[in-house]
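A structural walkthrough
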Amino acid sequence: MKNNGFLSHADSASLNKNLIINYIKSKGIVSQTQIWEDVNLSRASVSQIIKQLTEMDLIKVAGIGESKGGRRRLALTLNYDSKQLIIYDWMTKQLCVTNLNGVVISAEPFGFDSGTSPEQFCQILYQKTEILLKKINVDSSQIFAMGLVFPGLVDTIGGKVLYSLEMNWNDAEIFDMTQKMFRFPVYIDRTANMILLGEYSRLQDSSIRNALLILSDNTRLGSALLQDGKIIHGGNNMNGELGHIRVADSPVCNCGKKGCLEAKVIEILSHGYDTASLSLAVEYIGIAISTAVNIFDPCLILLYGDIFEKLSDRLLSRLNSYIFDNIVNSDSRNLKITYSFLGRSASITGMCENIFRKSFPIV
Ligand SMILES: [Zn+2]
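Counting of residues starts from 1 at the beginning of each chain's written sequence and follows it residue by residue. Whole-chain, interface and lining totals are the exception, using all residues; otherwise, since this is a predicted model, local features are given only for residues with pLDDT of at least 70 and side-chain atom pairs are given and counted only at 80 or more.

**Digging into the domain arrangement of the chain**
To be explicit about the condition: The split of the chain into domains comes from an automatic or database domain assignment.
Per the domain assignment, the segments of the chain are domain 1 (9-80), domain 2 (83-194 + 355-359) and domain 3 (203-341). A separation of 42 Å is found between the C-alpha centroids of domain 1 and domain 3.

**Some details on the sheet that holds strand β16 (residues 336-339)**
We apply this condition: Strand pairing requires that DSSP identify at least two bridges connecting the strands. The secondary structure listing takes helices from DSSP runs of H or I that are at least 4 residues long and strands from runs of E that are at least 2 residues long, numbered from the N terminus.
Reading across from one edge, β14-β13-β12-β15-β16 is the order of the five strands in this open sheet, with mixed pairing throughout. With partners counted over all chains shown, the strands left at the sheet margins are β14 (230-231) and β16, one partner each. When strand β13 (residues 220-227) meets β14, the two strands line up antiparallel, connected through two bridges. Each residue of the ladder has a partner; that of L226, found in β14, is I231.

**Section: the nonpolar core**
Stated precisely, the cut-off is as follows: In this description, a nonpolar core means buried residues of the types Ala, Val, Leu, Ile, Met, Phe, Trp, Tyr and Cys, linked to one another by C-beta atoms lying within 7 Å. The exposure scheme places C-beta atoms from the backbone and then counts, for each residue, the other C-beta atoms within 10 Å of its own, assigning buried at 20 or more, exposed at 12 or fewer, and partly exposed in between. Two residues form a contact once the distance between their C-beta atoms, set from the backbone, is within 7 Å.
Ranked by internal contacts, the top residues of the largest apolar core, which has 75 residues, are I195, L196, L213 and I214. When residues are assigned to domains, this core turns out to be shared by domain 2 (83-194 + 355-359) and domain 3 (203-341), each giving three or more. Setting aside chain neighbours within four positions, we find I214 in contact with S223, L242, I289, I301, L303 and Y304. Of all hydrophobic cores here, the second largest spans ten residues; its members include I21, I24, I59 and L76.

**Some remarks on the sheet that holds strand β10 (residues 169-172)**
Our working rule: Note on definitions: angles span 0 to 180 degrees between N-to-C directions of axes, and those axes are lines fitted to C-alpha atoms, for helices only across the stretch in contact.
Taken together, the three strands give an open sheet; going across it, the order is β8-β9-β10, and neighbouring strands pair in antiparallel fashion. The sheet is open, and its two edges are formed by β8 (153-155) and β10, each paired on a single side. Neighbour to neighbour, the strand axes of the sheet diverge by 15° on average, direction disregarded. By the bridge criterion, three bridges tie β8 to strand β9 (residues 160-164) in an arrangement that is antiparallel.

**Here we look at the packing of helix α7 (residues 261-268) against helix α8 (residues 275-296)**
Short version of the rule: An angle below 35 degrees is treated as roughly parallel, one above 145 as roughly antiparallel, one from 65 to 115 as roughly perpendicular, and anything else as oblique. Residues are grouped as follows: nonpolar covers Ala, Val, Leu, Ile, Met, Phe, Trp, Tyr, Cys and Pro; charged covers Asp, Glu, Lys and Arg; every other residue, Gly included, is treated as polar.
Across the interface, α7 lies against α8 with an axial gap of 9 Å and an inter-helix angle of 170°. Viewed along their axes, α7 and α8 adopt a mutual orientation that is roughly antiparallel. Facing α7, whose interface residues are L261, K264, V265 and I268, α8 presents S277, L280, A281, Y284, I285 and A288. In terms of residue class, the contact of α7 with α8 is built from eight nonpolar, one polar and one charged.

Printed below as a string of structure tokens:
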């Protein structure tokens, strides 16, 4: 984009191409005629873009039908298998090669302890990537992009892990380090964001455009927010710190303060996940979630992680009650509360969706 905010000729050509890629993605399979009809571009422009995308191997013919006039009607679809992505996911401790749509082609375990520096991590990442690509006989020139999913606070624009208690990293310049090693672009984002984006990308209900993820990983609590179909990172990349809202007296939290939800829940569950302890934890978590609902008004709450996996049906129902009893206008809200349905693959799916959106932006 030019400094004056107007699109250059090259920008608008790129935007039109991305609009058509995203349109085909949203439809699954679509005829060229339907693209002409639905996309506000000339037939010549659409034909030219389709030709370019076919040459780039990004779309392919899914079938040939016949239109009303007896002419051949090509059905087009995205060729997700034409490019590969490499995804590292800290939470599931694996390095994967996937197609453009998040289907895992091959995966290797890749965990590291909290004493591993960012520099050491990048060196190991490089070595493991080489081994993985060799194993599946893929040359690195075929890799479209890499995505790295980390816990903690992540600056997605600057490509830094700002702070991560889990990895003991501060201001880790991961983007700069990895860009010196790999010839393809590298994207970095936060675990909760990628789980939510992954789940959202697979939702069957297109009316849901606002969602909230509540993540419990090893009793640590966090959240992620999606509004109008987009992940909200916040002004300081610090959105989603649900675990640090004030609920009651508690031991000193990992953040150094007292009274945090996360510290309270850890204290409650310190002797185990018995029904009485879980019931009390659910009360605190439910009130915290209701606060978030009152502020952000999601239509979907996704529950993900260890505490929620341990809830009986009765306790899940109790959690629902705590949430609905503490939000305003609960009767007239369109709000569903459900478990994650992608499970352990959600963050990998989310990073693949993130790379697709960043590679073919339409805004
Ligand atoms: Zn705290």
